[in-house]
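Below, each chain spelled out in residue letters.
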Amino acid sequence: MRKRNESVTVEHERAAAAAAAVPGPLDKGCSLRRSLRLPSSAAAEGMKRPLGRRYGLWFRLRKLILWLLGVYIAIPFLVKLCPAIQAKLVFLNFVRVPYFIDLKRPQDQGLNHTCNYYLQPEEDVTIGVWHTVPAALWKNARGKDQLWFEEALGSSHPVILYLHGNAGTRGGDHRVELYKVLSSLGYHVVTFDYRGWGDSIGSPSERGMTYDALHVFDWIKARSGDNPVYIWGHSLGTGVATNLVRRLCERETPPDALILESPFTNIREEARSHPFSIYRYFPGFDWFFLDPITTSGIKFANDENVKYISCSLLILHAEDDPVVPFHLGKKLYNIAAASRSFRDYKVQFVPFHTDLGYRHKYIYRSPELPRILR
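Residues numbered from 1 in each chain as written. Predicted model: local features only at pLDDT ≥ 70, side-chain atom pairs only at ≥ 80, totals over all residues. Heavy atoms only, no water.

Caption draft 1: Main features of the packing of aromatic side chains. In the structure shown here, the tally under the stated rule is 13 aromatic pairs. Summarising the aromatic geometry, the rings of Tyr-194 and Trp-197 are spaced 5.2 Å apart at their centres and angled 75° between planes, so their arrangement reads as edge-to-face. Across the pair, exposure class does not vary: Tyr-194 and Trp-197 are buried alike. By way of ring pairs, the aromatic residues Phe-91, Phe-192, Tyr-194 and Trp-197 are connected into one cluster. Residue placement shows Lys-144 over the ring face of Trp-148; its charged tip is 5.7 Å from the ring centre. The residue whose ring lies beneath Arg-246 is Tyr-308, and the NZ or CZ to ring-centre distance is 4.0 Å. (Phe/Tyr/Trp six-rings, centres within 6.5 Å; stacked < 30°, edge-to-face > 60°. Buried < 20%, exposed > 50% of the residue type's maximum accessible area, 1.4 Å probe, protein only. Lys NZ or Arg CZ within 6 Å of the ring centre and 35° of its normal.)

Caption draft 2: Summary view of a nonpolar patch on the surface. Judged by side-chain polarity, Trp-58, Leu-61, Leu-64, Ile-65, Trp-67, Leu-68 and Val-71 come together as a nonpolar surface patch covering roughly 700 Å² of accessible area. On the secondary structure map, Val-71 appears in helix α2 (residues 25-81). Note on Val-71: relative accessible area 34%, which makes it partly exposed. (Patch = residues over 30% accessible without salt bridge, like charges linked within 9 Å, V, L, I, M, F, W, Y side chains within 5 Å. Areas by Shrake-Rupley, 256 points an atom, 1.4 Å probe, with all protein chains shown as cover. Salt bridge = Lys/Arg side-chain N within 4 Å of Asp/Glu carboxyl O. Helix = DSSP H or I, 4+ residues; strand = E, 2+ residues; numbered from the N terminus.)

Caption draft 3: The arrangement of the packing of helix α3 (residues 83-91) against helix α10 (residues 285-295) in detail. Interaxial distance between α3 and α10 falls to 8 Å at its minimum, and their mutual angle equals 80°. Considered as vectors, α3 and α10 are oriented roughly perpendicular to each other. Mapping the contact onto sequence places Pro-83, Gln-86 and Val-90 in α3 and Phe-289, Pro-292 and Ile-293 in α10. The residue makeup of the contact of α3 with α10, split by class, is 5 nonpolar, 1 polar and no charged. (Axes fitted to C-alpha atoms, helices over the stretch in contact; angles between N-to-C directions. Parallel < 35°, antiparallel > 145°, perpendicular 65-115°, else oblique. Contact = heavy atoms within 4.5 Å. Nonpolar A, V, L, I, M, F, W, Y, C, P; charged D, E, K, R; others polar.)

Interpretation note: all reported values are geometric properties and have no functional meaning in isolation.
Now the structure itself:
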């Protein structure tokens, strides 16, 4: 009986196992429904992932846009509260290009006939000066000391005092090329870095820059005798040049001529017209940006200065100038030409066509320059 019962039990368990292994109609339907649901749920999860990525990307992009907008709006208020920032942007004296050059060694820039000096216009102010002699003196200049170069200013050659623009140093590439051109045309070229530029010591300001130029001019005149002395200003240097020449004319010691390359009328109009001024259409632009410049004592009023200048004036400007718009140079010429202070002197405006590609700082490439200067 026990064996029979055990055999019956084993057969019953086998039958139950077989029944479980073979699905009935209901089980078949359930398993089919489960198999049908699996692909749809996987597809839904697959769709959620790119949607999540797109949403996350849009959220980050929107956050970046809001952040940039906040910075854009905050900058005008920052400039208004700290006018020194705007002064730094006008001078750009902290931008030293080219980098890693030794200003004590102008020969490293191909100026083998140039001597480096240091002058002291005021206490605690020292300015670095380069003096390039005319081509006729190149051979004699090699290996000579500062005393020889100073005495050479008394030779029968005209002298050009060159006042460079903002940013960079007296060793800037386009400036060096201009020294070479002027030297080849028979001029002494004396140039320097204003206080706060290059290796010159001091804090930059319009008054300080003008005083530095006056000191160098007097230094030249004390050594050049009766040789003609011309003043050449470029870009921001035109503001220093007209400040200087107005002062010289007021004390009745004007230079023999003033040359303005890429000039503007005044610093407010230049800042308003500058192509890099992304805030020019910002509400309250004058109050936020231009008034702080004036508050810092920066005017560079070329249009006002030319009314008090009494010497020959030559203005050079390229039509494709992207930094100082051509129309500002033309406007300055019209003001000067109508001024009574120039009634006994020649005022000339020389434009350079866009096709020449001289832009803001390559007028020295013009083959017409020797004729123009004559």
